[in-house]
Amino acid sequence: MQSEENAYYIKGISTGDNQVLLRIYKEFMPVVKRRIKQHNGSGEDAEDIFNQVLMQLYGRFKVRDFEIQTTFENYLVIACLNTWKKELKKRIRERVTKEEYSVHLSEAIDFSKGIREMEIWELYEEKFKLLSENCREILKLYLKKISGREIMEELGYASETTVRQRVFKCKSSLIKAIRSDWRFKENEDGI
Amino acid sequence: MEYDDKTYLLIEQYLLGQLKGKELADFENRMANDTTFNQEVRMNRSLFNHFDEGVEIHSRNEELEAFYQSDDARRFKAQLNESYTQYKNEADTDKPIAKVRKLGWKPLAVAASILLLVGFFLFNPFGGPAGSDELLAAYVEHEPLALVTKGNTEDAIVDIETAFNNKDYTQSITLIDAVLESLDEQSPYWFDLNLSKGIAEWETDNTQAAKTIFDTLRKSDFQDAPKADWYYILTLLKEDDRANAKEEIQTYLSNGGTYKSKEMRAILKEL
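Residues numbered from 1 in each chain as written. Chains lettered and ligands numbered in written order. Predicted model: local features only at pLDDT ≥ 70, side-chain atom pairs only at ≥ 80, totals over all residues.

Observations concerning the overall build of chain B
Assigned secondary structure in chain B consists of 14 helices and zero strands. The buried share of chain B, reckoned over its 271 residues, is 27%. In chain B, of all internal contacts separated by at least 6 residues, the share reaching a separation of at least 24 is 42%. (Helix = DSSP H or I, 4+ residues; strand = E, 2+ residues; numbered from the N terminus. Buried ≥ 20, exposed ≤ 12 C-beta atoms within 10 Å, placed from the backbone. Contact = placed C-beta atoms within 7 Å.)

What to know about the overall build of chain A
The secondary structure content of chain A amounts to nine helices and zero strands. Going from the N terminus to the C terminus, chain A shows its helices and strands as α-α-α-α-α-α-α-α-α. Long-range contacts, defined as pairs at least 24 residues apart, comprise 66% of the intrachain contacts of chain A with a sequence gap of at least 6.

A short note on the interface of chain B and chain A
Contacts between the two partners involve 47 residues from chain B, matched on the other side by 47 residues from chain A. Of all the secondary-structure elements, those providing two or more residues to the side of chain B that touches chain A are α1 (5-15), α3 (35-50), α4 (62-68), α5 (71-102) and α7 (132-139) of chain B. Ranked by residue count, the leading element in the side of chain B that touches chain A is α5 of chain B, at 12 residues. Residues of the side of chain B that touches chain A, tallied by class, amount to 17 nonpolar, 14 polar and 16 charged. (Nonpolar A, V, L, I, M, F, W, Y, C, P; charged D, E, K, R; others polar.)

What about the packing of helix α6 (residues 133-143) of chain A against helix α7 (residues 148-155) of chain A?
All names here are of chain A. At a closest axis distance of 10 Å, the pairing of α6 and α7 adopts a crossing angle of 145 degrees. The way α6 lies across α7 gives a crossing that is right-handed. Contacts between α6 and α7 involve Glu137, Ile138, Leu141 and Tyr142 from the former and Ile151, Glu154 and Leu155 from the latter. (Axes fitted to C-alpha atoms, helices over the stretch in contact; angles between N-to-C directions. Left-handed = near helix turned anticlockwise from the far one by under 90°.)

As for the confidence of the model for chain B
Residue and element names in this part refer to chain B. Of all residues in chain B, 80% have pLDDT values of 70 or greater, and the mean over the chain is 76. Looking at the elements of chain B, mean pLDDT is at its lowest for helix α6 (residues 109-123), recorded as 33, and at its highest for helix α2 (residues 21-33), recorded as 91. Scored by ipTM, the complex comes to 0.74, with pTM at 0.50. (pLDDT = per-residue confidence, 0-100.)

Thoughts on unusual backbone geometry
Residues and elements named next belong to chain B. The phi dihedral of Asp205 falls on the positive side, at around 70 degrees, and the residue is not glycine. Position of Asp205 among the secondary structure elements: in the loop between α10 (190-203) and α11 (207-218). With 15 C-beta atoms counted inside 10 Å, the residue Asp205 sits in the partly exposed group. Even without being a glycine, Asp240 presents a positive backbone phi close to 60 degrees. Here Asp240 is to be found in the loop between α12 (225-238) and α13 (242-254).

Focus: the packing of α11 of chain B against α12 of chain B
What describes two packed helices is the angle between their axes and the distance between those same axes. All names here are of chain B. Viewed as axis vectors pointing N to C, α11 and α12 meet at an angle of 155 degrees, and their least axial separation amounts to 8 Å. The angle between α11 and α12 falls in the class roughly antiparallel. Note on packing geometry: the crossing formed by α11 with α12 is left-handed. Residues Thr207, Ala210, Lys211, Phe214, Asp215, Leu217 and Arg218 of α11 form the contact with α12, whose participating residues are Ala225, Ala228, Asp229, Tyr231, Tyr232, Thr235 and Lys238. Per-class residue counts for the contact of α11 with α12 are seven nonpolar, two polar and five charged. (Parallel < 35°, antiparallel > 145°, perpendicular 65-115°, else oblique.)

Printed below as a string of structure tokens:
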């Protein structure tokens, strides 16, 4: 069940309530701006991303049976950061292959992909949280591409081989949990 | 399908860009010809991406795309544009307050404390709690570094003071580090230099480094240790860690802390 605060924002977005939208801008735009600036973005980038995420949210509320599992602020900040990271990647890619400049996806496709990517992100997070604390700890380092030696030293494992075996086991559990969830559509999403 | 440890090691090396020459060619060949293997590589890549840039979707969703081309979505977009324009206009109206805040803190201390109250009303016309950024905007004002007036005229100290007071924080960190290397903890400047370094780290968004410095200083026996308490709390706010900021302020006040206690109480109300 949604918290009272989340329900207030969701209702406001779903009905396009000007007062609620204004409040969302005032309360959350500063923190989103700061976080995006920390990730090589500008204030203008942050405003664009913020609006994109509000559009995505509107679609999610309307088309999907969707509940925010955290606070509205947390959700908004994470969604903005994820969307910004994608945008940044796209910009870097476009700079490399200039001939593809004209091949821009339409806004509708972008919003739609944004929603699906956020859904998958949430699914990964949910399954990751179900792992044991030890698995979460070691996988977090491994997936951040920290070397086996560093993981061994930081977490006090006896050898790199032990680290590798543990990572293998934990990663398999995670993949299994993700793949067995009905929300995960590997082929359909082209992951 | 589950593969053996050796295959996963190969996938990992591929994803980390460690495969070269024939090994890489063989791997890519296998990916092109073995759908299951290809899927396994992509799944592993998506896990890596999850903690980095997020999972990327390559397919399209007709239902969602159709929704975004509907009149319903267009109407919402129009409303969003209207609300956004109004927000921007109101933000422009708020700007004079920010300008006043940027003037020196000390001569305007009284005026500023009045403006803070007005500021919060303008920041929060809907009566909701102030965001962490708004609190920082209202309360952060660094005291100028004044080591030279304390009698130290060494060139390095003069340079630090100039850089810090000119808000060249990256340069400040480098200069302070160079001096701290050979400075005894008993030196009368040790605390001030460390505090300034913490502030410089704070300003350059290295909140973790800033927190470590402030935490050390606030636990020290120096007379000015409460200043580090204040900055430690501001760092938590900068990280938007409101729960811990609240807890720290409560502890500080319940321990009888007086430095910036008025400001802390005001922030506490907003948390």
